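So you can see what is in the structure, the chains are spelled out below.
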Amino acid sequence: MLDICIDENTNGIDIAKKAHIQNSSTKIIYMTAFLEQAADICETDFTYFVYKRSDWIEKLEKALDKAISQIGNDTEKTIEIGAKTVYFDEIICLEAQKKNTVFYLENKENITVSKGINSFALSLPQNFYACHRSYIVNLDKIERLNKSDKTIALKNGMIIPIPRAKYKEFSDIYYAYLEKKAMWQ
């Protein structure tokens, strides 16, 4: 739980951003009496916003219930990679390397598993797409598409090739995904 205004040098929004860098599954509940900064919370991933007024205790109860519910649902948002449990939203992409699969994670960690990439394809959510026979990318981790050289630039700096014959299909799927995601938010 964070107040938007903590002191003159610290605000809850900056703390929330740092918390999500450390652990993307952190549940944030904002509480404040200062609505003029409330619009800034949209830059973060938060669970609930409580405006401190006469009914704030009821709102806080709802916020806590929602956070607890989301924590319960988090187990559906993970995958076992070797001996480690990883949240899907931490995965940037998967790469096939001979009979192994390498998972590239947001924290710059790479996990290599001695299983083929296809053994993971069905257990990944819909925002993962096989853009190449050696790569499955998380559509949320794409920085940009490069039409001229038919590549994907990922947020970790990796450049993934897309076969020329598959580029149009992939770009259509990617832009449709972005449009659908924008409607959800």
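Right above here is the structure, for reference.
Criteria and cut-off values
- Residues numbered from 1 in each chain as written.
- Predicted model: local features only at pLDDT ≥ 70, side-chain atom pairs only at ≥ 80, totals over all residues.
- Heavy atoms only, no water.
- Buried < 20%, exposed > 50% of the residue type's maximum accessible area, 1.4 Å probe, protein only.
- Helix = DSSP H or I, 4+ residues; strand = E, 2+ residues; numbered from the N terminus.
- Pairing = 2+ DSSP bridges.
- Polar contact = N/O pair within 3.5 Å; in protein donor to acceptor, adjacent residues only side chain to side chain.
- Axes fitted to C-alpha atoms, helices over the stretch in contact; angles between N-to-C directions.
- Disulfide = S-S within 2.5 Å.
- Contact = heavy atoms within 4.5 Å.
- Core = buried A, V, L, I, M, F, W, Y, C linked by side-chain atoms within 4.5 Å.
- Salt bridge = Lys/Arg side-chain N within 4 Å of Asp/Glu carboxyl O.

**Some words on the pairing of strand E10 (residues 135–138)**
By the alternation rule, side chains of E10 split into Tyr 135 and Val 137 and Ile 136 and Asn 138, which are all buried. Pairing of strand E6 (residues 91–97) with E10, which is carried by three bridges, proceeds in the antiparallel orientation. Bridging from a neighbouring strand, Cys 93 pairs with Val 137 of E10. Judged from the three bridges that link them, strand E9 (residues 128–132) and E10 form a sheet pairing that is antiparallel. By the bridge assignment for E10, Tyr 129 is matched with Val 137. Hairpin remark: E9 followed by E10, antiparallel, with two residues in the connecting loop.

**Re the side chain of Thr 151**
Its place among the elements puts Thr 151 in strand E12 (residues 151–154). One polar contact links Thr 151 to Asp 149, side chain to side chain, over a distance of 2.8 Å.

**With respect to the sheet that holds E6**
The strand order E8-E7-E6-E10-E9 describes an open sheet built from five strands, whose pairing is antiparallel. This sheet does not close on itself; its edge strands, each paired only once, are strand E8 (110–113) and E9. Across the sheet, the mean angle from the axis of one strand to that of its neighbour is 20 degrees, orientation sign disregarded.

**Here's the deal with the state of the cysteines**
Scanning the model with the defined rule gives zero disulfides in all. Looking at Cys 131, it has no disulfide partner, and the nearest cysteine sulfur is the one in Cys 93, 8.3 Å off.

**A short note on the sheet that holds strand E3 (residues 48–51)**
In spatial order, the strands read E1-E2-E3; together these three strands make up an open sheet with parallel pairing. Both edges of this open sheet fall to strand E1 (2–3) and E3, since each of them pairs with a single strand only. When E1 meets strand E2 (residues 29–32), the two strands line up parallel, connected through two bridges. Across the sheet, Asp 3 pairs through a bridge with Met 31, a residue of E2.

**Some details on the environment of Leu 145**
Position of Leu 145 among the secondary structure elements: in strand E11 (residues 142–146). Linking Leu 145 and Tyr 167, residues 22 residues apart in sequence, is a C-alpha distance of 9.6 Å. Among residues more than four places away in sequence, those in contact with Leu 145 are Thr 151, Ile 152, Tyr 167, Phe 170, Ser 171, Tyr 174 and Tyr 175.

**Here's the deal with the environment of Phe 88**
Examined against the element boundaries, Phe 88 turns out to sit in the loop between strand E5 (84–87) and E6. Spatially, the C-alpha atom of Phe 88 lies 9.4 Å from that of Leu 105, the residues being 17 residues apart in sequence.

**A look at the nonpolar core**
Membership of the largest hydrophobic core comes to 20 residues, with the highest contact counts inside it found for Cys 131, Val 137, Ile 142, Ile 152, Leu 154 and Phe 170. Contributing elements (two or more residues each) for this core: E6, strand E7 (100–105), E9, E10, E11, E12 and helix H4 (164–184). When near neighbours in sequence (up to four residues on either side) are disregarded, Val 137 contacts Ile 92, Cys 93, Asn 127, Phe 128, Tyr 129, Cys 131, Ile 142, Ile 152, Leu 154, Ile 160 and Phe 170. Grouped together as the second largest cluster of nonpolar side chains are 15 residues, Val 86, Leu 105, Phe 120 and Ile 136 included.

**Let's talk about the pattern of salt bridges**
If the charged atoms of two oppositely charged side chains come close together, the side chains can form a pair. Across all of its chains, the model carries three salt bridges by this definition. The salt bridge involving Glu 109 is made with Lys 84; its shortest N-O contact spans 2.7 Å. Pair noted here: Glu 109 is in the loop between E7 and E8 and Lys 84 is in strand E5, with a separation of 25 residues, a long-range link. Residue Glu 109 is classed as partly exposed on the basis of its relative accessible area, which comes to 27%. Across the pair Glu 106 and Lys 141 runs a salt bridge whose closest N-O atoms are separated by 2.4 Å. In this pair, Glu 106 sits in the loop between E7 and E8 while Lys 141 sits in the loop between E10 and E11, placing the two residues 35 residues apart along the sequence.

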